[in-house]
Amino acid sequence: MHINCPHCGDRDQREFSIRGHGTGLSRPKGETWSDDWNDFLHIRDNLAGRIQELWHHGGGCGAWLVVDRSNVTHEIFGTRLVSEVRS
Amino acid sequence: MRLDGKGQINRDTPVRFHFNGAPYSGFKGDTVASALMANGVKLVGRSFKYHRPRGVLTAGSEEPNALIQVGEGDAMLPNVRATVQEIYAGLETSSQNHIGPLEFDLLSINDLVPNFLSAGFYYKTFMWPRGFWEKVYEPVIRRAAGLGRITHGASPEENERVFGFCDVLVIGGGPAGLMAALTAARSGADVILMEESADLGERLLSDGELIDGLPADIWVDETVAALRDTGHVRIMTRTTATGAYDGLTFGAVERVGSHLPHTPDLPRECFWRIRARQAVLAAGALERPIAFPMNDRPGIMMASAIRTYVNRYGVTPGEKVAIFATNDDAHKTAVELIDAGVDVVAVIDSRTGIQAHGDYRLHHEAQVISTKGRRGLTELTVRSGGSEFRLEADCLGMSGGWNPTLHLTCHTGARPVWNPDIHAFVPVDDAIKGLHPAGACRGTFDTAGCLSEGVEAAAKALKALGKRVRRPDLPMAEDAAGATSPLWTVEAKGRAWLDFANDVTTKDVRQSAAEGFKSVEHMKRYTTQGMAPDQGKSSNIGALAVLADVTGKGIPETGTTTYRPPFTPIALATMGAGAQGKGFAPERFTTSHKAVTARGAPMMEAGLWYRPSYLPLPGETHWRQSCDREVTMVRNAVGVIDVSTLGKIEIFGADAGAFLDFLYTNMFSTLKPGRVRYGLMLREDGHVMDDGTTACLAPGHYVMTTTTAAAGAIMAHMEFVSQALRPDLDVMFTSVTEQWAQFSVAGPRARELLNRVLDHPIDNQTFPFMQCGAVKVHGIKGRLFRISFSGEQAYEIAVPSAYGDALYRDLVARAEALGGGGYGLEALNVLRIEKGFITHGEIHGQVTAFDVGMQGMLSKKKDFIGKAASTRPGLLEADREQLVGLKPVGAVKELTAGAHLFDRDAEPTRLNDRGYITSVAYSPTLGHFIGLGFLRDGPNRVGHHMKIVDHLRGVTTEVEICDPVFFDPEGGRARG
Ligand SMILES: [Zn+2]
């Protein structure tokens, strides 16, 4: 699998590591434990199909990416920098 | 037997080699199989289960029978295909899978009791008596089973791993592949053309056809020259594409030196990982056997392989050859043999109403129903119409038609589809996006069709690349593939083999279905058909046909088993090239590495780093002697240790303080320039991630330290927090771990030592505990941090790495003059346990700030990573296991890490478990063992006596629970 890093271009999968579902970007507000926090930390839909995932280009520029891909066919539809997704 | 005037071997260069210890001679260009054939050797191995005599079946990598051991000593490789291995001077080979000489294999007794070893025999026979498995069955089976022998030493031969890139990868150098490569290269694409054998051309070299009116091998030479002229093609012969992976990544094995006498620095094989933008699969097709009774004798082989031996290697496998065919293609073999002057006894064709292609005897509607010849074919029995007759023959070529070599199209999960016109599976459209099959591998068997499909597949690839297609002229070639009609099995008495390597017969497949294993995947595992060397290449379709026949389903409904990489076996040494021994993980050395190893320090690994365990003095014979001395030295004088391996991250920006506030549980934005603070980081789930100190060097400029092992993970974490969670903050950071050499100088005489290397001396008033600042060391700009991991007066001094070696040697020499010296990790560990300082032994991923007694560091004034989760009720309960100190109080004085804590009178069982020990050390300062551990409600049990039980080492010790800080609890020494 190859991931197109917006900074570095098309790079081998082994330069990247996965963190998990893109849910990880939606950190809840609130500094005490809540259902939102429980969902954020523990609850994933675990869909087979097209998903948004967080990948780190640790063997490259250090960017965190949202990778839009199919976990069934491994096809990648697009990548974005997390900083741009957030802003 | 050699044939005059035939073949492409180099008859001017004889080559001598050994097989089973006996000398043989062949020519340069011969494989072991062709050379043995030329010497009249028919018996080359034994089958797996019945130890039946086996001869060469094919002329390629699909060979299931002629598996040999190659090489000597630890360089020996098992299961090498004799049909692939080229001979070279001094080559040592031997046959496999027999006890005693190949001709008189003791285990051929198995052949006399085939019913005992029928389908599922592993699962049935060895079930009882239970106790027999380990003592009787397993050792016997292990001795008898397995193909080939492995060596137990590391292979002394070198292999390599390489990455390749191209616009268009063309797999296969036959007519389709050559035309695809030519089209792509002439259109300006960068091309890699891969061919499994030593020469390009594939069947064009074997079949004696004409292309553009020229002998096909001459057309091949001209095309190869044209390919080279383009300057765009990397031609890789002796290279097998072994797997197709996501994103058009292909694995391939190149046989670089395995066909040559051992040459220093020349790798045996090279494992390629090739990233192609587009690819053309022109892998050809494999001829399939026919399951007729006693079809496994040496001398019975694939009809097309005979043509290859005649035309490429100038050798015939027999002097009286018969052909058993279901198709026109196999008749070519008869024609080629007659052309070479070999006696063709007859062509036995199962079809009706066909014409002979040459001057040979043809039997219509005929089948071979039995054969004779213990170690090689001597006679066959033919049934034609209602009559039976016998023919004398020493070789029988069989052809049940062709199976497209579509394996790579299925490696990422696609399933092939059945094409009823050619009675074979073909690749499904777009099985792999960007991989375009062409020619025989997609079921097009005529040469003209292969040539034009090669062009069209390349055109598809070029279009996908946005390149203009420049089609070369199509050469004239034979455009008839010839008719075929399926014949899977011959109904007659006797065992008919499907899988020659694993000894699976038609009867085994029928039995499997009868016993309920009717799914193709179940049948495969029950009978072992297509497992091990064959991987279904020769046996799969035949077995499916038999299964389909028994179950009453068609072949397409029955389906195939899964095609997985690798296409051909790959030696582990090749796949792991570069990763043997020290190649497995890179080594990171500190700047003091040479100095400490010169002192005989045993090194221990910390991640990829190497750090000294201790620095032994002459006369010290046990690590404890050195360690105890070093601890005492630090407590009484001064010690020096390299701490450069700790992660160092330099942080800049107007919002750097706010960023640190968000990362750490405690406050950092209030830290003044010139000051250092200890910080605790949590994961978002509320558990401790790491700890360390961060220094404020100037407003908006900090340097953070992480534990050695966590450095990479913390950097990635910070990048995530900065980019994903707090992109609003103005902050930049980078790892400087390798840029700075940093040494801890600890002990009551630490400052005295430092003042001998600093250009401007320091004192306790201007440089108090937790101070930091820029200093000059022998004129070099450095950084000084007053932090202590030993509880002593201590400093960490950092200089640019280039000066690390010099500074370490200088510090140690000066320390020795003050009664101190260098120390290692063992002493460092004892010193920190005496002070109750935690490491990743304690913060092992399952503990909270509460558990390690740092609940007070969770700031209430700000948000931070892990804050919300740290308020979860379950993480704050008193009966959680919390950090305590332990010391022995009974007769047994030893503590062991990993032991568990129990109430004194409780049974030491899981339900009574109260906690566990994470770190222990013998404290020379206190004169007894001390330990750190986690105990339920620990802080409230200080003073209690408990027992610790180490079930693994068989140690039970009575301990007193105490505060985790054993030494200088007020901390006065660090501040002095
Ligand atoms: Zn990048």
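As a reminder, the structure under discussion sits directly above these lines.
Heads up: these notes are all about the structure in this document.

### Observations regarding the overall build of chain B
Moving on, step 1. The helix and strand tally for chain B stands at 22 helices and 50 strands.
Moving on, step 2. Principal axes of the C-alpha set define a box for chain B whose edges measure 110 × 70 × 55 Å.
Moving on, step 3. Taken over 976 residues, chain B has a buried fraction of 59%.
Moving on, step 4. When contacts within chain B are restricted to residue pairs at least 6 apart in sequence, long-range pairs at least 24 apart make up 67% of them.
Moving on, step 5. When the accessible area of chain B is evaluated, it comes to approximately 39,000 Å², of which 53% is carbon and sulfur surface.
Moving on, step 6. Side-chain charges in chain B split into 102 positive and 112 negative, and the spacing between the mean points of these groups amounts to 4 Å.

### As for the overall build of chain A
Moving on, step 1. The helix and strand inventory of chain A stands at two helices and six strands.
Moving on, step 2. Listing every helix and strand of chain A by position from the N terminus yields β-β-β-α-β-β-β-α.
Moving on, step 3. In terms of its C-alpha atoms, chain A occupies a principal-axis envelope of roughly 40 × 25 × 20 Å.
Moving on, step 4. Expressed as a percentage of its 87 residues, the buried residues of chain A come to 37%.
Moving on, step 5. Within chain A, contacts between residues separated by at least 24 positions form 43% of all contacts whose residues are at least 6 apart in sequence.
Moving on, step 6. Summing over all exposed atoms, chain A offers an accessible surface of approximately 4,800 Å²; the carbon and sulfur share of this is 45%.
Moving on, step 7. Positive and negative side-chain charges of chain A, numbering 10 and 12 respectively, have mean locations separated by a distance of 3 Å.

### Details of the nonpolar core
Residue and element names in this part refer to chain B.
Moving on, step 1. Membership of the largest hydrophobic core comes to 74 residues, with the highest contact counts inside it found for Phe17, Phe292, Tyr309, Phe324, Ile348, Leu380 and Leu396.
Moving on, step 2. In terms of residue count, helix α6 (residues 303-313) provides more of this core than any other element does, six residues in total.
Moving on, step 3. Split by domain, this core shows at least three residues from each of two domains, domain 1 (10-125) and domain 3 (289-400).
Moving on, step 4. Residues in contact with Tyr309, not counting those within four places in the same chain, are Ala33, Ser34, Met37, Val56, Thr58, Ala59, Thr83, Met301, Gly314 and Val315.

### Digging into the packing of helix α4 (residues 175-186) of chain B against helix α8 (residues 447-464) of chain B
A packed helix pair is summarised by two numbers, namely the angle formed by the two axes and the spacing between the axes.
Residue and element names in this part refer to chain B.
Moving on, step 1. With their axes 7 Å apart at the nearest point, α4 and α8 run at an angle of 35° to one another. Between α4 and α8 the crossing geometry is right-handed. Of the residues in α8, those in contact with Pro175, Ala176, Met179, Ala180, Thr183 and Ala184 of α4 are Thr447, Cys450, Leu451, Gly454, Val455, Ala458 and Leu462.

### With respect to the coordination of the zinc ion
All names here are of chain A.
Moving on, step 1. Within the protein, Cys5 (SG), Cys8 (SG), His57 (ND1) and Cys61 (SG) serve as the donor atoms for the zinc ion, at 2.1 to 2.3 Å.
Moving on, step 2. Read in sequence order, the donor residues coordinating the zinc ion give the pattern C-x2-C-x48-H-x3-C.
Moving on, step 3. Here Cys61 falls in the partly exposed class, since its relative accessible area comes to 35%.

### Here's the deal with the pairing of strand β41 (residues 772-777) of chain B
Residues and elements named next belong to chain B.
Moving on, step 1. Relative to strand β42 (residues 780-785), β41 runs antiparallel, the two sharing six bridges. Across the sheet, residue Cys772 finds its bridge partner in β42, namely Phe785.
Moving on, step 2. As consecutive antiparallel partners, β41 and β42 are separated by two residues, and within that stretch His778 has a phi angle of approximately 50°, a positive value.

### Some remarks on the sheet that holds strand β5 (residues 67-70) of chain B
Residue and element names in this part refer to chain B.
Moving on, step 1. Read from one edge of the open sheet, five strands run β2-β1-β7-β5-β6, paired in mixed fashion. The open sheet has two free edges, formed respectively by β2 (22-28) and β6 (77-81), since each of these has just one partner strand. Here the strands of the sheet are splayed against their neighbours by 40° on average, with no regard to which way each runs.

### Some remarks on helix α17 (residues 711-725) of chain B
Moving on, step 1. Between its terminal C-alpha atoms α17(B) stretches 20 Å, which fits the 21 Å expected from 15 residues at 1.5 Å a residue.
Moving on, step 2. Counted residue by residue, α17(B) has 13 buried out of 15 residues, so it is predominantly covered.

### As for the packing of helix α9 (residues 506-514) of chain B against helix α10 (residues 520-527) of chain B
Residue and element names in this part refer to chain B.
Moving on, step 1. Where α9 contacts α10, the axes come no closer than 10 Å and their chain directions differ by 120°. By the criterion of interaxial angle, the relationship of α9 to α10 is oblique. Considering only the axes of α9 and α10, their crossing is right-handed. Of the residues in α10, those touching α9 at Asp508, Val509 and Ser512 are Met523, Tyr526 and Thr527.

### Concerning the interface of chain A and chain B
Where the parts come together, the accessible area they lose is often given as the size of the interface.
Moving on, step 1. If you look at the interface, chain A gives 27 residues, while chain B gives 27 residues.
Moving on, step 2. In total, about 2,300 Å² of surface goes out of reach between chain A and chain B, with carbon and sulfur atoms giving 53% of it.
Moving on, step 3. Summed over the three residues of chain A that lose the most area to chain B, namely A:Arg27, A:Glu31 and A:Trp33, the buried surface amounts to 30% of that side.
Moving on, step 4. Connecting chain A to chain B are five salt bridges.
Moving on, step 5. For B:Lys433, the salt bridge goes to A:Glu75, with nearest N and O atoms at 3.3 Å.
Moving on, step 6. Applying the counting criterion to the chain A and chain B interface returns 14 residue pairs in polar contact (both at pLDDT 80 or more).

### Remarks on the pattern of salt bridges
All names here are of chain B.
Moving on, step 1. Overall, the coordinates contain 53 salt bridges over all chains when judged by the stated rule.
Moving on, step 2. Here Arg599 makes a salt bridge to Glu816, at a shortest N to O gap of 2.9 Å. Here Glu816 lies in helix α19 (residues 804-817) and Arg599 lies in the loop between α14 (593-598) and β32 (603-606), a separation of 217 residues in the sequence.
Moving on, step 3. Overall, the relative accessible area of 37% leaves Arg599 in the partly exposed class.
Moving on, step 4. Using a relative accessible area of 38% as the deciding quantity, one classes Glu816 as partly exposed.
Moving on, step 5. Sharing partners across several salt bridges, the network here consists of Arg203, Asp207, Glu209, Arg307, Asp329 and Lys332.

### Considering the environment of B:Thr237
All names here are of chain B.
Moving on, step 1. Mapped onto the secondary structure, Thr237 falls in the loop between β12 (233-236) and β13 (239-245).
Moving on, step 2. Considering only alpha carbons, one finds Thr237 and Glu195, 42 residues apart in sequence, at a separation of 4.7 Å.
Moving on, step 3. The residues contacting Thr237, other than those within four sequence positions of it, are Glu195, Ser197, Ala198, Leu200 and Glu254.

### Examining the pairing of strand β40 (residues 740-746) of chain B
Residues and elements named next belong to chain B.
Moving on, step 1. Most of β40 is tucked away, with seven of its seven residues classed as buried.
Moving on, step 2. A two-sided burial pattern is seen for β40, the buried positions comprising Trp740, Gln742, Ser744 and Ala746 on one face and Ala741, Phe743 and Val745 on the other.
Moving on, step 3. Across seven bridges, β40 lies against strand β43 (residues 794-800) in antiparallel orientation. Looking at β43, one finds that Phe743 is bridged to Ile797.

Cut-offs applied
- Residues numbered from 1 in each chain as written.
- Chains lettered and ligands numbered in written order.
- Predicted model: local features only at pLDDT ≥ 70, side-chain atom pairs only at ≥ 80, totals over all residues.
- Heavy atoms only, no water.
- Helix = DSSP H or I, 4+ residues; strand = E, 2+ residues; numbered from the N terminus.
- Buried < 20%, exposed > 50% of the residue type's maximum accessible area, 1.4 Å probe, protein only.
- Contact = heavy atoms within 4.5 Å.
- Areas by Shrake-Rupley, 256 points an atom, 1.4 Å probe, with all protein chains shown as cover.
- Lys, Arg positive; Asp, Glu negative; His and termini not counted.
- Charge placed at Lys NZ, Arg CZ, Asp CG, Glu CD.
- Core = buried A, V, L, I, M, F, W, Y, C linked by side-chain atoms within 4.5 Å.
- Domains from an automatic or database assignment.
- Axes fitted to C-alpha atoms, helices over the stretch in contact; angles between N-to-C directions.
- Left-handed = near helix turned anticlockwise from the far one by under 90°.
- Donors = N, O, S within 2.8 Å, 3.2 Å for Na, K, Ca; no water.
- Pairing = 2+ DSSP bridges.
- Expected span 1.5 Å × (residues − 1).
- Parallel < 35°, antiparallel > 145°, perpendicular 65-115°, else oblique.
- Buried area = accessible area lost by both parts, 1.4 Å probe.
- Salt bridge = Lys/Arg side-chain N within 4 Å of Asp/Glu carboxyl O.
- Polar contact = N/O pair within 3.5 Å; in protein donor to acceptor, adjacent residues only side chain to side chain.

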